[in-house]
Amino acid sequence: MAGPRLVIVTGKGGVGKTTVAAAVAQAAVAARKRALLVEVATPGRLASVLDVPPLAAEPRQVLEGLHAVALEEGAALEDLVHGLMPLRVLSRRLLSSETFRIVAAAVPGILEAALLARVVAWLDEHDRRGRARYDVVVLDSPASGHSVPLLATPRTLSGLATVGPLGAIMRRTSRWLADPALTLALVVAIPEDWAVAEAVELYESLRDDLAIPVGRPVLNAVFPKRFSRAEAALLEEAGTSHTIDPQLLEAGRYFLARRNAAQALTRTLRSATRARPLELPFLFSTTMTWEDLGPLADALDGVLEPA
Amino acid sequence: MIPPVHGQGLVGLVDDARVVVCLGPGGVGKTTTAAAIAVAAALGGKRVAVLTVDPAARLKDALELPRGAGTLHRVPLPDADGTLDALLLDAKGVFDELVRRLAPTEAAAERVLGNPVYRNVAGAFAGSDAYMALEQLLDIVDTGDFDLVVVDTPPASHALELFDAPERILALLDSKALEYLGEPIRILGGASSRIARGLLSAVLSGLERMTGLSLLRDISALATDFGEVVPGFRRRARAIRELLRAEATRYVLLAAPDPHATRDVVGFASEVERAGVSIDAVVVNRVLPFALDVALSGRRDTDAATGVPRARWSASLARNLVTCAKDLDTLRSAQRSVIDALQAGLAAHGTRPEPLWVELPALSPAPTTLAGIVALARALQVARGRSTSAA
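Treat the numbers as computed from the prediction; the structure is a model and nothing was measured.

> What is the right way to look at the overall build of chain B in this model?
Along the backbone of chain B there are 16 helices and nine strands. Among the 391 residues that make up chain B, the fraction classed as buried is 48%. For chain B, the share of sequence-separated contacts (at least 6 apart) that also reach a separation of at least 24 residues comes to 80%.

Below, the structure written as structure tokens:
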């Protein structure tokens with residue numbers, strides 16, 4: 001099955017990464033792909049969108065065709081150490097020590113390496129018939145302050161690690177992250193200056209510094225177009241000389257202002273990244289559940305197609 | 001001409017404060033609100049400093065700060081009775097500076113700073129940028145130059161990262177952790193058979209090979225050198241602990257009316273309470289700036305256009321306006337139910353005494369200039385605070 005197998009959703013905190021990641025997973029499920037949705041560092045958020053009990057450290061089927069998991073640094077590090085240590089009793093002894101955690105944290109990138117190693121291990125899993133267990137893994141990554149170091153890790157470490165099982169894992173992860181046929185990073189913003197500025201920075205460092213395949217920048221929560229140019233002009237001047245129901249006028253003008261602000265930021269995002277932003281509509285809904293994500297999943301459908 | 005801001009609502013609440021800490025999950029407008037609180041207090045005649053930790057440096061742009069972090073910079077506020085200085089946190093710089101200041105000799109400081117694993121160990125000790133923000137806060141308060149210091153905290157999913165920071169560093173310093181770091185083999189404690197030692201060495205040297213660092217030697221050297229700065233750290237950690245719990249330190253919890261944020265915000269609040277301090281105000285940002293009280297009934301739909309000259313009015317504009325109003329009304333109800341859930345959640349966690357409740361409008365566009373921040377400061381002035389029980 002064609003299309004990326006690893007979709008990494010990144011962006012500043014508060015831009016709706018979890019919602020976008022869930023919508024990508026929904027698009028995958030709609031395309032009859034078996035998807036695994038991975039949450040890092042925002043415990044509970046994903047379970048709330050999916051309306052399921054809190055996620056565990058092992059993938060669990062939450063819907064037909066969809067598994068979800070909460071990936072935790074501590075658990076990932078344990079996996080890594082258990083893999084390294086020949087005796088369980090020793091690895092457990094080591095892990096129970098606060099000092100070991102400090103020593104481990106002293107190794108640059110060890111926690112990040114452990115997280116990525118876990119993700120790649122899931123991508124490598126096969127079912128009894130030898131098919132990949134998951135067609136697509138969607139990673140809801142930590143806020144962008146953290147996602148650059150996370151994604152830079154394999155590059156840094158595989159340069160240093162020349163021997164041992166970890167070196168091999170990092171080289172493999174590195175190859176995954178660099179291959180446009182396998183990996184796609186999505187940078188998410190909302191129509192606010194700070195979010196767009198951050199997205200541009202992140203987009204550039206993923207594309208230029210880390211050479212990770214980056215998809216079109218995603219602008220989430222865009223107010224839809226509701227008025228023609230002539231109608232917009234009429235709204236702007238109405239109210240002073242004419243009487244329209246003042247509440248309707250206020251609503252219309254507010255809508256227009258939000259729409260215009262979003263359009264201006266779409267242009268900013270486009271000229272800074274030289275890529276056409278993918279706009280996701282603002283969802284006017286009193287709930288925010290899996291069912292409500294339909295319009296977002298539709299808009300994101302294309303990202304799962306081959307590059 | 002900027003009108004003076006008088007103490008009322010949120011502004012009144014921080015009136016007799018010396019420190020205001022803005023807390024909350026990422027993306028809820030902490031940075032902007034912290035700046036607005038600081039501007040409001042400066043307009044009201046106070047000598048104010050605002051400390052931001054935002055890596056994207058939004059506040060830097062809004063406050064027209066020059067490039068570069070780590071130093072206080074005067075923000076021009078024409079017609080303000082007070083003054084405003086702003087500082088962008090340089091977390092790495094703060095820790096380096098502390099090591100320099102606390103080390104007995106310059107050579108000792110350079111040995112620590114030059115150690116290849118220093119940066120990572122320092123990070124592990126400090127927990128996060130949160131501790132660095134608190135160190136910086138203590139420095140600013142200690143200058144005695146300011147009536148009020150407003151702190152914008154790093155985005156964190158757990159309030160405990162902030163409150164635990166001093167405790168964590170004290171616990172580590174008081175424990176045998178440093179000795180162990182100096183001699184990693186002691187981690188194994190009782191399991192000190194030759195086989196165990198051999199395996200541990202194998203693991204650690206595996207890690208060494210992986211990273212290309214001479215890990216054992218570096219960690220051991222760092223532990224020895226770091227020992228010399230420990231007493232100074234201990235003193236400061238205690239001072240920070242006291243500052244966080246001081247009578248004149250106020251906590252403002254920021255939230256956005258986003259359905260998925262409720263759990264985070266309530267969790268945050270209960271962690272703050274558990275840390276032994278109370279939240280003095282809750283600010284809900286990005287609330288729809290007007291109420292659509294009108295029932296959008298069928299009659300109104302068709303009557304909406306009355307009064308507008310027929311020639312310029314189209315049926316489609318009327319329809320579009322009604323659709324917009326209906327969408328915004330849906331958004332408003334969604335926000336109300338989130339706000340109700342927030343209030344219920346906070347009340348259930350026994351936030352006491354009941355915090356001041358302030359709702360700020362979703363501005364379009366959001367303020368990114370000093371003028372925008374000043375406008376928001378004025379909104380704070382008029383924002384009617386209410387207690388949760390009155391809701």
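> Even after reading the chapter, I still don't get the overall build of chain A, so can you show me in this structure?
The helix and strand inventory of chain A stands at 12 helices and eight strands. Burial analysis of chain A (307 residues in total) assigns 51% to the buried set. The contacts in chain A between residues at least 6 apart in sequence include a share of 71% that link residues at least 24 apart.

> How do you make sense of helix α7 (residues 129–143) of chain B when you look at a structure like this?
Since the α-helix turns once every 3.6 residues, residues separated by three or four places project in the same direction. Residues and elements named next belong to chain B. Compared with the 21 Å implied by 1.5 Å per residue over 15 residues, the 21 Å span of α7 between its first and last C-alpha is a close match. Buried within α7 we find Asp 129, Ala 130, Tyr 131, Met 132, Ala 133, Leu 134, Glu 135, Gln 136, Leu 137 and Val 141. Of the residues flanking the end of α7, it is Gly 144, one or two places downstream, whose phi is positive at about 75 degrees.

> Is there a simple way to think about the sheet that holds strand β2 (residues 35–40) of chain A in this case?
Whether parallel or antiparallel, the strands of a sheet pair through hydrogen bonds between backbone atoms. All names here are of chain A. The eight strands lie next to each other as β3-β4-β2-β5-β1-β6-β7-β8, forming an open sheet whose pairing is mixed. On the outer flanks of this sheet lie β3 (60–63) and β8 (278–281), each paired with one strand and no other. The average angle at which neighbouring strand axes cross in this sheet is 30 degrees, direction not considered. Here five bridges tie β2 to strand β5 (residues 136–140), and the two strands are oriented parallel to one another. Bridged to Glu 39 within β5 is Asp 140. Its contacts with the sheet place helix α1 (residues 17–30) against β1 (6–11), β2, β4 (66–71), β5, β6 (183–189) and β7 (218–222), and it is angled at close to 170 degrees to β5. Along the sheet face, helix α9 (residues 193–209) touches β1 and β6 and points at about 160 degrees away from the line of β6.

> Would you take a moment to explain the pairing of β1 of chain A for this structure?
Side chains on a regular strand alternate between the two faces of the sheet. Residues and elements named next belong to chain A. Taking burial as the measure, the six residues of β1 include six buried ones, the bulk of the element. Neither face of β1 is open: one carries Leu 6, Ile 8 and Thr 10, the other Val 7, Val 9 and Gly 11, and all of them are buried. Pairing between β1 and β6: six bridges, direction parallel. Directly across from Gly 11, in β6, lies its bridge partner Val 188. Note: β1 against β5, four bridges, orientation parallel. Within β5, the position partnered with Val 9 by the bridge is Asp 140.

> Any chance you could explain the packing of helix α13 (residues 261–274) of chain B against helix α15 (residues 315–348) of chain B here in plain terms?
When two helices pack together, their arrangement is given by the angle between their axes and by how far apart the axes lie. Residue and element names in this part refer to chain B. At a minimum axis separation of 9 Å, α13 and α15 run at an interaxial angle of 25 degrees. For the element pair α13 / α15, the angle class is roughly parallel. As for the relative orientation of α13 and α15, their crossing is right-handed in sense. Contacts between α13 and α15 involve Thr 262, Val 265, Val 266 and Ala 269 from the first element and Val 338, Ala 341, Leu 342, Gly 345 and Leu 346 from the second. Of the residues in the contact of α13 with α15, the class split is seven nonpolar, two polar and no charged.

> I would appreciate a short explanation of the confidence of the model for chain A in the present structure.
For any part of a model where pLDDT is low, the fine detail of the predicted coordinates should not be relied upon. Of all residues in chain A, 82% have pLDDT values of 70 or greater, and the mean over the chain is 85. Here helix α5 (residues 98–106) of chain A stands out as the element of chain A with the lowest mean pLDDT, 59, in contrast to β8 of chain A, whose mean of 97 is the highest.

> Is there a simple way to think about the nonpolar core in this case?
In a soluble, globular protein the nonpolar side chains are often hidden away together inside. Counting residues in hydrophobic clusters, the biggest one holds 205 residues, and the most contacted among them are Val 24 and Val 138 of chain A together with Val 39 of chain B. Take this core: its biggest share by element is 12 residues, from α15 of chain B. The residues touching Val 138 of chain A, leaving out its near neighbours within four places in the chain, are Val 7, Val 9, Ala 21, Val 24, Ala 25, Ala 35, Leu 37 and Val 38 of chain A.

> So what exactly am I meant to see when it comes to unusual backbone geometry here?
Peptide bonds are mostly trans, and most non-glycine residues show a negative phi. In the Ramachandran plot, Ala 221 of chain A falls in the positive-phi region, its phi being about 60 degrees despite a non-glycine side chain. Relative to the helices and strands, Ala 221 of chain A resides in strand β7. With 22 C-beta atoms packed within 10 Å, Ala 221 of chain A lands in the buried category. With a phi close to 60 degrees, Arg 286 of chain B is a non-glycine residue in the positive phi region. Assignment of secondary structure puts Arg 286 of chain B in strand β7 (residues 281–287).

> Would you take a moment to explain the packing of helix α11 (residues 246–273) of chain A against α15 of chain B for this structure?
As a packed pair, α11 of chain A and α15 of chain B sit with axes 8 Å apart at the nearest point and diverge in direction by 80 degrees. Taken as axis vectors, α11 of chain A and α15 of chain B run roughly perpendicular relative to one another. Across the interface between the two elements, Gln 247, Leu 248, Ala 251, Gly 252, Tyr 254 and Phe 255 of chain A of α11 of chain A pack against Leu 321, Val 322, Cys 324, Ala 325 and Leu 328 of chain B of α15 of chain B. Tallied by class, the residues present in the contact of α11 of chain A with α15 of chain B amount to nine nonpolar, two polar and no charged.

> Would you explain the environment of Ala 109 of chain B in this entry?
Residue and element names in this part refer to chain B. Along the polypeptide, Ala 109 turns up in helix α5 (residues 106–114). By C-beta crowding, Ala 109 is classed as buried, having 21 other C-beta atoms within 10 Å. Residues Ala 109 and Val 272, 163 residues apart in the sequence, show an inter-C-alpha distance of 35 Å. In contact with Ala 109, not counting residues within four places along its chain, are Val 99, Arg 100 and Ala 103.

> Looking at this model, I keep getting lost on the environment of Arg 226 of chain A. Mind explaining?
By secondary structure assignment, the location of Arg 226 of chain A is in the loop between β7 and α10 (229–237). Through-space distance from the C-alpha of Arg 226 of chain A to that of Ile 8 of chain A is 32 Å; in sequence the pair is 218 residues apart. Among residues more than four places away in sequence, those in contact with Arg 226 of chain A are Phe 255 of chain A together with Asn 320, Thr 323 and Cys 324 of chain B.

> Help me understand the environment of Gly 232 of chain B in this model?
Residue and element names in this part refer to chain B. Within the secondary structure, Gly 232 is located in helix α12 (residues 230–244). What makes Gly 232 partly exposed here is the crowd of 15 C-beta atoms within 10 Å. Along the sequence, Gly 232 and Asp 81 sit 151 residues apart, while their C-alpha atoms lie 38 Å from each other.

> Would you mind showing me how to read the pairing of strand β8 (residues 356–361) of chain B here?
Residue and element names in this part refer to chain B. Burial runs high along β8: five of the six residues are buried. Where β7 meets β8, five bridges bridge the pair, whose relative direction is parallel. When the bridges of β8 are listed, Val 283 appears paired with Val 358.

> Can you help me understand the confidence of the model for chain B in this one?
All names here are of chain B. A residue-level look at chain B finds 66% of positions with pLDDT of 70 or above and a mean pLDDT of 75. Between the elements of chain B, mean pLDDT differs from a low of 40, seen in helix α14 (residues 298–303), to a high of 94, seen in strand β5 (residues 148–152). With pLDDT under 50 throughout, residues 294–311 is counted as low confidence; its partners more than four residues away or in other chains account for 23 contacts. Counting interchain partners and residues more than four positions distant, the pLDDT-below-50 stretch residues 386–391 has 14 contacts.

Cut-off values and rules
- Residues numbered from 1 in each chain as written.
- Chains lettered and ligands numbered in written order.
- Predicted model: local features only at pLDDT ≥ 70, side-chain atom pairs only at ≥ 80, totals over all residues.
- Helix = DSSP H or I, 4+ residues; strand = E, 2+ residues; numbered from the N terminus.
- Buried ≥ 20, exposed ≤ 12 C-beta atoms within 10 Å, placed from the backbone.
- Contact = placed C-beta atoms within 7 Å.
- Expected span 1.5 Å × (residues − 1).
- Pairing = 2+ DSSP bridges.
- Axes fitted to C-alpha atoms, helices over the stretch in contact; angles between N-to-C directions.
- Parallel < 35°, antiparallel > 145°, perpendicular 65-115°, else oblique.
- Left-handed = near helix turned anticlockwise from the far one by under 90°.
- Nonpolar A, V, L, I, M, F, W, Y, C, P; charged D, E, K, R; others polar.
- pLDDT = per-residue confidence, 0-100.
- Core = buried A, V, L, I, M, F, W, Y, C linked by C-beta atoms within 7 Å.

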